[in-house]
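Summary of the model geometry
Each chain, written out:
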Protein chains: 4
Amino acid sequence: MKETFIRRMKDVALKDPILVEGLPGVGHVGKLVADHLVEELHAEKIIEIYSPHFPPQVMVKDDGTIKQVRNEIYAYKGRDGQPDLLLIVGDYQSATNEGHYELTGIFLDIAQEYGVKRIYALGGYGTGQFVDKPTVIGAANNIALVEEMKLYDVIFQENEPGGGIIGVSGLLLGLGGLRNMDAVCLMGVTSGYLVDPKSAQEVLRVLCTALKVEVGMEALQERGKEMEKIVGKLQEMEKAQFPYECGGDEDLRYIV
Amino acid sequence: MKETFIRRMKDVALKDPILVEGLPGVGHVGKLVADHLVEELHAEKIIEIYSPHFPPQVMVKDDGTIKQVRNEIYAYKGRDGQPDLLLIVGDYQSATNEGHYELTGIFLDIAQEYGVKRIYALGGYGTGQFVDKPTVIGAANNIALVEEMKLYDVIFQENEPGGGIIGVSGLLLGLGGLRNMDAVCLMGVTSGYLVDPKSAQEVLRVLCTALKVEVGMEALQERGKEMEKIVGKLQEMEKAQFPYECGGDEDLRYIV
Amino acid sequence: MKETFIRRMKDVALKDPILVEGLPGVGHVGKLVADHLVEELHAEKIIEIYSPHFPPQVMVKDDGTIKQVRNEIYAYKGRDGQPDLLLIVGDYQSATNEGHYELTGIFLDIAQEYGVKRIYALGGYGTGQFVDKPTVIGAANNIALVEEMKLYDVIFQENEPGGGIIGVSGLLLGLGGLRNMDAVCLMGVTSGYLVDPKSAQEVLRVLCTALKVEVGMEALQERGKEMEKIVGKLQEMEKAQFPYECGGDEDLRYIV
Amino acid sequence: MKETFIRRMKDVALKDPILVEGLPGVGHVGKLVADHLVEELHAEKIIEIYSPHFPPQVMVKDDGTIKQVRNEIYAYKGRDGQPDLLLIVGDYQSATNEGHYELTGIFLDIAQEYGVKRIYALGGYGTGQFVDKPTVIGAANNIALVEEMKLYDVIFQENEPGGGIIGVSGLLLGLGGLRNMDAVCLMGVTSGYLVDPKSAQEVLRVLCTALKVEVGMEALQERGKEMEKIVGKLQEMEKAQFPYECGGDEDLRYIV
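First, a word on scope: everything that follows refers to the structure included in this document. (Residues numbered from 1 in each chain as written. Chains lettered and ligands numbered in written order. Predicted model: local features only at pLDDT ≥ 70, side-chain atom pairs only at ≥ 80, totals over all residues. Heavy atoms only, no water.)

**Describing the interface of chain B and chain A**
Condition: Here, residues are in contact when the closest pair of their heavy atoms is within 4.5 Å. What counts as buried area is the accessible surface, traced by a 1.4 Å probe, that two parts surrender upon association, with contributions from both included. The salt bridge definition used is simple: a Lys or Arg side-chain nitrogen within 4 Å of an Asp or Glu carboxyl oxygen. Polar contact criterion, stated in full: a pair of N or O atoms within 3.5 Å, where within protein one must be able to donate a hydrogen and the other to accept it, and residues adjacent in sequence count only if both atoms are side-chain atoms. Helix and strand assignments follow DSSP, with helices taken as H or I runs no shorter than four residues and strands as E runs no shorter than two, numbered in order from the N terminus. Residue polarity follows a fixed list, in which Ala, Val, Leu, Ile, Met, Phe, Trp, Tyr, Cys and Pro are nonpolar, Asp, Glu, Lys and Arg are charged, and the others, Gly among them, are polar. Two strands pair if DSSP finds at least two bridges between them.
Every contact between the two is made by 36 residues of chain B and, on the other side, 33 residues of chain A. For the chain B and chain A pair, buried surface summed over both sides reaches about 3,100 Å², with 61% attributable to carbon and sulfur atoms. Measuring nitrogen to oxygen at the nearest pair gives 2.6 Å for the salt bridge that ties Glu3(B) to Lys2(A). For the pair chain B and chain A, the interface holds seven residue pairs in polar contact (both at pLDDT 80 or more). Broken down by secondary-structure element, the contributors of at least two residues to the side of chain B that touches chain A are α2 (97–113), β9 (136–140), α3 (143–150), β10 (165–166), α4 (168–178) and α7 (250–254) of chain B. Here the residues of the side of chain B that touches chain A sort into 16 nonpolar, 13 polar and seven charged. Of the strand pairs in this sheet, strand β4 (residues 57–60) of chain A and β10(B) are connected by two bridges, and their pairing is antiparallel. Following the sheet pairing, Gln57(A) is matched in β10(B) by Ile166(B).

Following this line, the structure appears as structure tokens:
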């Protein structure tokens, strides 16, 4: 397997679907929200993506079986006036710079195939400090979208995030714009040190308002605790095995 | 040599062979077991694999001649009701993430060519602590295999290994599953700091029971000592030459 | 997007244009000068270059919209006896060694297409010490060019820069020479710790004399301050997110 | 320039030439010897090799002109019963693992083209300690060559170098062996901290005896001093620019 491999599991007909991306990153905020949506909406898995740009790794589940790390795309047929959705979730983002570009290109190819015109990229924005009242800051690839998002209480602050947006979330805006797709990044402000379901809840609230979708939020807290356990295990193992190495959990904070 | 190069040395006819992989990793447990099996069963080398993903290096033998680092596949024709085997051994695993994917793909191609339906990936699981009574923990790519392995005293523990399985062993399970091959990883619990023949003996015992193969275990201890010497030399050299660098021997612990 | 992507936005007819490169590097001297020239001369953007060798990142602008990181080529039709110019500017240089070679190759292809015969590569030379009186040191890919540059007060000092010239600026001289293009690197001496508009002003003065182009210098100071703010933000974010990592801002000092 | 580029400058007819490789490495021993031979024998440059696997860099010469970093192959027509030689020299070895494999493959392709049957790879073996009496240790890709080299006072010591041979020198033996070429590595024992002309002299003495070639040794000392200056400059610059980074000069010691 030298190349990224797209495994199509099901074909669905979607009408003007909106793409929502929530891969692991700062505070796992984006992942929490997207995983939650997949569960609550009972979205259907249509595509698995395997890539040599992901860590060479399988996850071990509680029953002793494994799961090859991958990204997945779920489809949701909107009911009662809700829009159709495509949701990108996964265990990891690319471990290489080049992989971010390649995988974003693949996501955009699939999005175009399904006629996506709008993208929500979800993430966290780590301040390094305890966050009292969670807020959502944003960035978008056109000014009309910036204005629209302000209506949903998304904060656009001069020079924030000052370092730009790194990883798939950023590239969906940048490369998506080159393909004339509207894309906005919603970033839950978070300390960046822990999986942050509070921050995720705020992002979810904004997203649901924007999408005109309603989902329960109760499970989010629980999901956050479980994810924290897994992330903790990963960190522990990484620390045990790379005591002198850079990297490790930092990778999780590297990316929106 | 820009590409991985497969050197086929001999063609053999095998009946439903089982694939056993034991490349260097934590405690060199997997390598110890697989090397031991090759020796004790007088298995025959059929394939050498050279790759730019391995370190750019030759090993120097006691007589002053060298050996290009590589992976090798041995074949064993089972006698007296024993199964036929393919054994993967080698000096190194890939030095790059991408290489793990590529080489695992190559191993699986060869396995499919020979009609392999079951894979045993061998490794160590480093606890960072002195291990009193060696045990073997497992993970498998389907639940029936998990149940079967429990019969051989393989321990399946919730959330262990919490960080998943990294390297070729993990990918054989994950990517093997995508090709509908049964695959189980047997991990000898070990401190992770030293070549651990005691842990290897326990893995060997489980494996032999599962395979219905019998081999002497006496030489394992001796083999462990020799390997420790080589690994020690490598570490010494690496420390001398990269005093400020990360990596080095950590690479050996990086991988199951 | 697995490959570097050249987006041609406009075709212009240029007569014997001279290529000027000023990408980020030591003290951001080269970038300051080239950005300034683009602004002051009202040069016209003709090409955008996107590459998986750049960081996987978008910049966020003050109005909340984003910009995909890229390199850009501007064209300037010389007025009143001034020469035509092609100017290379951008947010980043390649993040990989291989990318430097590839992108320089692309720049030289485009240069040849437009009939470029002479190249000015602009950069800084970091001394690690406070610089009292800014000077410009040089290197060129033929001796005649060395002699010509001495006329413009460019200093050629034995063994300076002793470590050679790294990045696109260096390769434009080296690989440009293989294509029989005259190329000189003008390096403003700078501490290397800060964006240095004073050093940039000296490089601009030398370049304008050599090009027989006149531009105002007033805005350079202001531009330097703004750039310092952005670079500061990037550093801050990088430090917050990679507290134990090497790299970060060092990358900016890595390259002329 | 995405690919390694071979620039053939001259075609020469050689009779059973012997390949001698001396690229930068531990103590710069190999480079010192090979550069010295090129000078003293007035060998003729026939090939230049440029590669994206080399650092993206030009060297600056004393007169202000530059040299793109590269590897070079020189040819020498033996006089008075001396053998014909091909000599590989250069500024750097590959900066990537994969590059070592690719470049060694290219060297071997060229060697085969010229009918090379024997290879001398030259290097240093760093002990980390002051070396009182310089000696030469060896490794070869067949036992007959080991025996022959013992006649020239080359020392073959069990388990030395314990860590194997890394870089082009090692791969010339390993990959050369796969092509049925005889290859030996001669390593001057050295502290590894400095350019070591004394160690180089010992390697040169052994090599000249083996090749039945005579050259003056006087210039070697001087050459060593000059090289030390350049290496010092490179280290200084690297330290100034990557104060927190690993790598740097260690790269020079990384490789035989």
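That covers the picture; the talk isn't over yet.
**Observations concerning the sheet that holds strand β5 (residues 66–68) of chain B**
This is how the line gets drawn: All axes are obtained by fitting lines to C-alpha atoms, using only the stretch in contact for helices, and the reported angles, taken between N-to-C directions, cover 0 to 180 degrees.
On the basis of which strands lie adjacent, the open sheet formed by three strands has the order β5(B)-β4(B)-β10(D) and antiparallel pairing. Edge positions in the open sheet fall to β5 of chain B together with β10 (165–166) of chain D, since each of these has one partner strand only. The strands that helix α4 (residues 168–178) of chain D touches are β4 (57–60) and β5 of chain B together with β10 of chain D; relative to β5(B), the one it contacts most, it runs at about 90 degrees.

**Thoughts on the relation of the copies chain B and chain A**
Short version of the rule: Alignment of the copies relies on least squares applied to C-alpha atoms, considering only residues that score at least 70 for pLDDT in both.
For the pair chain B and chain A, the best superposition has an RMSD of 0.0 Å and corresponds to a rotation of 90 degrees with a translation of 0.0 Å parallel to the axis. Such a combination of turn and shift is consistent with a four-fold rotation axis. Taken together, the interface assignments show that only 3% of the residues at the interface of chain B recur at the interface of chain A, consistent with different surfaces on the two copies.

**Let's talk about the packing of aromatic side chains**
Residues and elements named next belong to chain A. Quick note on the threshold: Under the pairing criterion, centres of Phe, Tyr and Trp rings, with the six-membered ring standing for Trp, must be within 6.5 Å; the plane angle then separates stacked pairs below 30 degrees from edge-to-face pairs above 60, leaving the rest tilted.
By the definition in use, this model includes four aromatic pairs over all chains. For the pair Phe5 and Tyr50, a centre-to-centre distance of 6.2 Å together with 25 degrees between the ring planes defines the contact as stacked. With a gap of 45 residues between them, Phe5 in strand β1 (residues 5–8) and Tyr50 in strand β3 (residues 44–50) connect regions that are remote in the sequence.

**Points about the interface of chain D and chain C**
For interface size, the figure often reported is the accessible area lost on association. Facing 33 residues of chain D, the contacting portion of chain C comprises 36 residues. For the pair chain D and chain C, the summed buried surface comes to about 3,100 Å²; carbon and sulfur atoms form 61% of the total. Counting the contacts that link chain D with chain C gives eight residue pairs in polar contact (both at pLDDT 80 or more). For the side of chain D that touches chain C, the secondary-structure elements that each account for two or more residues are β4 (57–60), β5 (66–68) and α6 (218–241) of chain D.

**Observations regarding the pattern of salt bridges**
Where charged atoms of side chains with opposite charge meet at close range, the side chains can pair. All names here are of chain A. Basically, it comes down to this: Whether a residue is buried, partly exposed or exposed follows from its accessible area with a 1.4 Å probe, protein chains only, as a fraction of its type maximum: under 20%, in between, or over 50%, in that order.
As enumerated under the stated definition, the model contains 74 salt bridges over all chains in all. The shortest N-O distance in the salt bridge between Glu147 and Lys150 comes to 3.4 Å. One end of the pair is Glu147 and the other is Lys150, both in helix α3 (residues 143–150) and three residues apart, which spans about a single turn. Since its relative accessible area comes to 40%, Lys150 is described here as partly exposed. Here Arg205 makes a salt bridge to Glu202, at a shortest N to O gap of 3.0 Å. Residue Arg205 and its partner Glu202 are both found in helix α5 (residues 197–211); the two are separated by three residues, about one turn of the helix. In this structure Arg205 comes out as partly exposed when scored by relative accessible area, which is 34%. Through salt bridges with shared partners, one network takes in Arg7, Lys45, Glu48, Arg70 and Glu72.

**Overview of the packing of helix α2 (residues 97–113) of chain D against α4(D)**
Residue and element names in this part refer to chain D. Stated formally: Each angle receives one of four descriptions, namely roughly parallel if under 35 degrees, roughly antiparallel if over 145, roughly perpendicular if within 65 to 115, and oblique otherwise. In this scheme the crossing of two helices becomes right-handed for a clockwise turn of the near helix relative to the far one and left-handed for an anticlockwise turn of less than a right angle.
Running from amino to carboxyl end, α2 crosses α4 at an angle of 60 degrees, the nearest separation of the two axes being 9 Å. Put simply, α2 runs oblique to α4. In the packing of α2 onto α4, the handedness of the crossing is right-handed. For the pair α2 and α4, the contacting residues are His100, Tyr101, Thr104, Phe107 and Leu108 in the first and Val168, Leu171, Leu172, Leu175 and Gly176 in the second.

**Focus on the sheet that holds β5(D)**
Read from one edge to the other, the open sheet built from three strands follows the order β10(C)-β4(D)-β5(D), with strand pairing classed as antiparallel. A single partner strand is all that each edge strand has here, and the edge strands are β10 (165–166) of chain C together with β5 of chain D. As judged from the three bridges shared by β4(D) and β5(D), these two strands associate in the antiparallel manner. When the bridges of β5(D) are listed, Val58(D) appears paired with Gln68(D).

**Observations regarding the environment of Val215(B)**
Residues and elements named next belong to chain B. Within the fold, Val215 resides in the loop between α5 (197–211) and α6 (218–241). Given a relative accessible area of 15%, Val215 falls into the buried group. Not counting chain neighbours up to four residues away, the residues in contact with Val215 comprise His36, Leu37, Glu40, Leu41, Leu204 and Cys208.

**Observations concerning the environment of Val26(B)**
All names here are of chain B. Considering the arrangement of structural elements, one finds Val26 in the loop between β2 (18–21) and α1 (29–40). Given the relative accessible area of 3%, Val26 is considered buried. Through-space distance from the C-alpha of Val26 to that of Ser191 is 8.6 Å; in sequence the pair is 165 residues apart.

**Examining helix α5 (residues 197–211) of chain C**
Residues and elements named next belong to chain C. As a reminder, the rule being used: Each residue after the first adds 1.5 Å to the expected span of a helix.
The end-to-end C-alpha separation of α5 is 20 Å, in line with the 21 Å expected for 15 residues at 1.5 Å each. Burial of α5 is extensive: eleven of the 15 residues sit out of reach of the surface. Those residues of α5 not exposed but buried are Pro197, Ser199, Ala200, Glu202, Val203, Leu204, Val206, Leu207, Cys208, Ala210 and Leu211. N-capping of α5 is provided by Asp196, with a side-chain oxygen placed 3.1 Å from the backbone N of Lys198.

**Here's the deal with a negative patch on the surface**
So the rule is basically this: Each patch is built from residues lacking any salt bridge and having more than 30% relative accessible area; the joining distance is 9 Å for like charges and 5 Å for nonpolar side chains (Val, Leu, Ile, Met, Phe, Trp, Tyr). Each accessible area is a Shrake-Rupley result for a 1.4 Å probe, and residues are judged covered by the shown protein chains and nothing else. By the counting rule applied here, Lys and Arg register as positive and Asp and Glu as negative, while His and the ends of each chain are not counted. For this purpose, a charge sits on NZ of Lys, CZ of Arg, CG of Asp or CD of Glu.
Side chains of Asp62(A), Asp63(A), Glu222(A), Glu226(A) and Glu158(B) sit close together on the surface and give a patch of like negative charge. Turning to its location among the elements, Glu222(A) is positioned in helix α6 (residues 218–241).

**Overview of the side chain of Ser94(B)**
Residues and elements named next belong to chain B. Along the chain, Ser94 falls in the loop between β7 (85–90) and α2. Judged by its relative accessible area of 7%, Ser94 falls in the buried class. A polar side-chain atom of Ser94 sits 2.6 Å from the main-chain carbonyl oxygen of Thr96. Leave out the neighbours within four places in its chain, and Ser94 touches His53, Phe54, Gly99, His100 and Leu103.

**Quick notes on the arrangement of the chains**
Regarding chain B and chain C, the two do not touch, and the least distance separating their C-alpha atoms is 11 Å. No part of chain A reaches chain D; the closest C-alpha pair between them is 11 Å apart.

**Focus: the pairing of strand β6 (residues 71–76) of chain C**
All names here are of chain C. Judged by how many residues are buried, β6 sits mostly within the fold: six of six residues are covered. The side-chain alternation of β6 yields two buried faces, one formed by Asn71, Ile73 and Ala75 and the other by Glu72, Tyr74 and Tyr76. Across five bridges, strand β3 (residues 44–50) lies against β6 in antiparallel orientation. Opposite Ile49, over in β6, you have Asn71 as the bridge partner. Sheet analysis places β6 next to strand β7 (residues 85–90), joined by six bridges and oriented antiparallel.

**Describing helix α2 (residues 97–113) of chain C**
With 17 residues, α2(C) should cover 24 Å at 1.5 Å per step; its first-to-last C-alpha distance of 25 Å lies within 8% of that length. Within α2(C), 13 of the 17 residues are buried, which leaves it mostly tucked inside the rest of the structure.

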